[in-house]
Amino acid sequence: MSLSHLFLTVFIVITFVHGQTPENMPDLDEYQLPRYHFNPGLQFDEWWINDPIGTFKYKGKWHLFYQLNPYGSTWGNISWGHAVSDDLVHWKHLPIAISPTEHYETDGCWSGSAFIDDDGIPGLWYTAARPEVQCLARPKDPSDPELREWIKDENNPIMTQQPEHATGWRDPVVKKMADGRWQMVLGGGTNANNQYVGAVFVYYSSSPTGPFEYSGNMLDSTEIQSGPVFQVWECPIPVREADNKGFILISAENVEDPKHEIVISGEFREDNTFEGTVSQAIDTGVVYASRNFIDTNIFIGWLRESLTSKALLHRSWAGSMTLPRDYTLVSGFLQVKPNDAYKLLRKENTVEEYNLTVSPQIIGTAFQHEVVLRFNETEGVQLWQFTVLASETTKKGVDIFVKNDNGMMILSTDNAETDVDPMECVKGAFKPTTSIWIGGEEHVVRIFVDRSVVEVYHNDRSVLSARAYLDEHHTRILGFVHSDNKDILTHCTITTYLMEDVNLNKE
């Protein structure tokens, strides 16, 4: 159905309360900084963040380590930032855990992972560059629940020998297996047959600190039964479930199709390899390098900016994290919903049963919408549309569409206004690679709007994300739109929650 068909529309006007600009942060930067999606906020005058890395719970505290440049808003000077939380949404920022101080870390302390050893003591593996080598760090005081200080192993770099034909060798993930051995997987690529392909390398040891012995490739992108051949696989996360079934979450890079996540679902074999099929892309929007907290299916990922490198040079920050997400593998497909921790951020709410005549006003800085829709299934294919982060003058913004015939959700920034140079802002329309929808059921759409971030979950099975950039002079307008046939949509309830600001507190 063409989007040019006539629609009936009701607009919900969102007026923001704009406070004082924090010291050392430009007005536009402060206004667009996400308030309840994790980021360093005011901890540094300038910063860049990317991959979440060490993620685990220890002595009642959730720990989040992440890639951090504490000196600028572009990639470089990569260190390990660190924060702890009691509830996964209110975070306390701690001192930088690992910084590039050694001769083998001239290009930074790159991604890695955490482990908990048999004595219950955490450790961190990370890739130092360049060349890419694997290194180890342990807490100075394991009795400290916050683990504020970390010490690099005196034998670093621990692992220096890459597999033959490897074109990348990074992002170690260590986990204890059922047989008592410790497994390490690393991402990267290989060119064994004069073809550059993504690969997952696997190692084993009797100890989480090594020495690890190479056991071959768990999988490379020529072996999967469907999907494109990616040149680099980063941040591989193998997740085993019952009967050796499971999935590997891959952050894939390609020259033509850069940076997005794929799920390879299948079976772990006894020879340490994996047979699988690319079943879907998790979030085709702006998420990358998602990772689970140890021994949980709670994941968190990096929300990339939709700006060019040139545009980032004129900003004081870049990057945020998704809300914590629950992943569940059902019949070979990974279903994603927001972890319930987000409900702790909710403030007052308003509930409206829309009849296309109501136009309430909501005051706030960050908010969430719970939308419940029911369609008349006999009336054919129709689109439901909701617009967020829209310009007051043009009514154009980030569009969310749901089709009632196949449940497909689309998130588009193609029409979004921007207060940065349009040539420096990357736009696009995103949709899941597979619709996971049961025909005839109602649609529950959870929309999280956080200044420049939009996350949308559909029926607790699929998720999309996007970035859009407006300044404080624009009032946010939410446009609720449906076809001019009033019988198509039989029910629509929108519950709007104001959300707590948690990122502007300086530790």
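Since we're looking at a predicted model, the values are computed, not measured.

**Topic: the overall build of the chain**
Thinking step 1. The helix and strand tally for the chain stands at two helices and 35 strands.
Thinking step 2. The buried share of the chain, taken over its 507 residues, is 60%.
Thinking step 3. Accessible area of the chain: about 19800 Å², with a carbon and sulfur share of 47%.

**Concerning the pattern of salt bridges**
Thinking step 1. Overall, the coordinates contain 26 salt bridges when judged by the stated rule.
Thinking step 2. Lys92 is the salt-bridge partner of Glu146, the closest N and O atoms lying 2.9 Å from each other. One end of the pair, Glu146, is in the loop between β8 (133-139) and β9 (150-152); the other, Lys92, is in strand β5 (residues 91-98), and 54 residues separate them in sequence.
Thinking step 3. A residue is classified by how much of its surface remains accessible, and Glu146, at 13% relative accessible area, is buried.
Thinking step 4. We note a salt bridge from Glu455 to Arg325, for which the minimum N-O separation is 2.8 Å. With Glu455 in strand β32 (residues 453-458) and Arg325 in strand β22 (residues 325-330), this residue pair connects regions lying 130 residues apart in the sequence. The burial state of Glu455 is the same as that of Arg325; both residues are buried.

**Things to note about the nonpolar core**
Thinking step 1. Judged by nonpolar contacts, the single largest core of 74 residues is most densely connected at Trp233 and Ile264.
Thinking step 2. Core analysis: the second largest hydrophobic core is formed by 26 residues, Phe367, Ile400, Val449 and Ala468 among them.

**So, unusual backbone geometry**
Negative phi values dominate among residues other than glycine, just as trans dominates among peptide bonds.
Thinking step 1. With an omega of 5°, the peptide bond running from Ala129 to Arg130 counts as cis.
Thinking step 2. Tracing the sequence through the fold places Arg130 in the loop between β7 (122-129) and β8.
Thinking step 3. Although it is not a glycine, Asn244 adopts a positive phi angle of roughly 65°.
Thinking step 4. In the Ramachandran plot, Asp460 falls in the positive-phi region, its phi being about 55° despite a non-glycine side chain.
Thinking step 5. Looking at the element boundaries, Asp460 is found in the loop between β32 and β33 (462-467).
Thinking step 6. Residue class for Asp460 comes out partly exposed when judged on its relative accessible area of 27%.

**Looking at the side chain of Ser85**
Thinking step 1. Tracing the sequence through the fold places Ser85 in strand β4 (residues 79-85).
Thinking step 2. In terms of polar contacts, Ser85 uses its side chain to reach the backbone amide nitrogen of Leu88, at 2.8 Å.
Thinking step 3. If sequence neighbours within four positions are ignored, Ser85 has contacts with Gly60, Lys61, Trp62, His90 and Trp91.

**Observations concerning the sheet that holds β5**
Thinking step 1. The five strands are arranged β5-β4-β3-β2-β20 in an open sheet whose pairing can be described as mixed. Only two strands of the sheet have a single neighbouring strand rather than two, namely β5 and β20 (317-318).
Thinking step 2. With two bridges connecting them, strand β2 (residues 47-58) and β20 associate as parallel partners. Each residue of the ladder has a partner; that of Trp48, found in β20, is Ala318.

**Describing the sheet that holds β8**
Thinking step 1. Taken together, four strands build an open sheet; the order of strands is β6-β7-β8-β9 and the sheet is antiparallel. Edge positions in the open sheet fall to β6 (108-116) and β9, since each of these has one partner strand only. Geometrically, the sheet is characterised by an average inter-axis angle of 30° between neighbouring strands, direction not taken into account.
Thinking step 2. For β8 and β9, the ladder comprises three bridges, and the chain directions are antiparallel. When the sheet's bridge partners are listed, Ala137 is paired in β9 with Lys152.

**Description of the pairing of strand β18 (residues 287-292)**
Thinking step 1. Across the six residues that make up β18, a large majority, six, are buried.
Thinking step 2. Across four bridges, the pairing between β18 and strand β19 (residues 298-303) is antiparallel. Among the inter-strand pairings, Asn292 is bridged to a residue of β19, identified as Phe299.
Thinking step 3. Once β18 ends, the chain turns through five residues before running back antiparallel as β19, passing Asp295 with a positive phi of about 65°.

**So, the state of the cysteines**
Thinking step 1. Applying the stated criterion across every chain, the model contains zero disulfides.
Thinking step 2. Take Cys135: it sits in no disulfide, and the sulfur closest to it among the cysteines is that of Cys109, at 7.5 Å.
Thinking step 3. Look at Cys135 and you get buried, because its relative accessible area is 0%.

Conventions we followed
- Residues numbered from 1 in each chain as written.
- Predicted model: local features only at pLDDT ≥ 70, side-chain atom pairs only at ≥ 80, totals over all residues.
- Heavy atoms only, no water.
- Helix = DSSP H or I, 4+ residues; strand = E, 2+ residues; numbered from the N terminus.
- Buried < 20%, exposed > 50% of the residue type's maximum accessible area, 1.4 Å probe, protein only.
- Areas by Shrake-Rupley, 256 points an atom, 1.4 Å probe, with all protein chains shown as cover.
- Salt bridge = Lys/Arg side-chain N within 4 Å of Asp/Glu carboxyl O.
- Core = buried A, V, L, I, M, F, W, Y, C linked by side-chain atoms within 4.5 Å.
- Polar contact = N/O pair within 3.5 Å; in protein donor to acceptor, adjacent residues only side chain to side chain.
- Contact = heavy atoms within 4.5 Å.
- Pairing = 2+ DSSP bridges.
- Axes fitted to C-alpha atoms, helices over the stretch in contact; angles between N-to-C directions.
- Disulfide = S-S within 2.5 Å.

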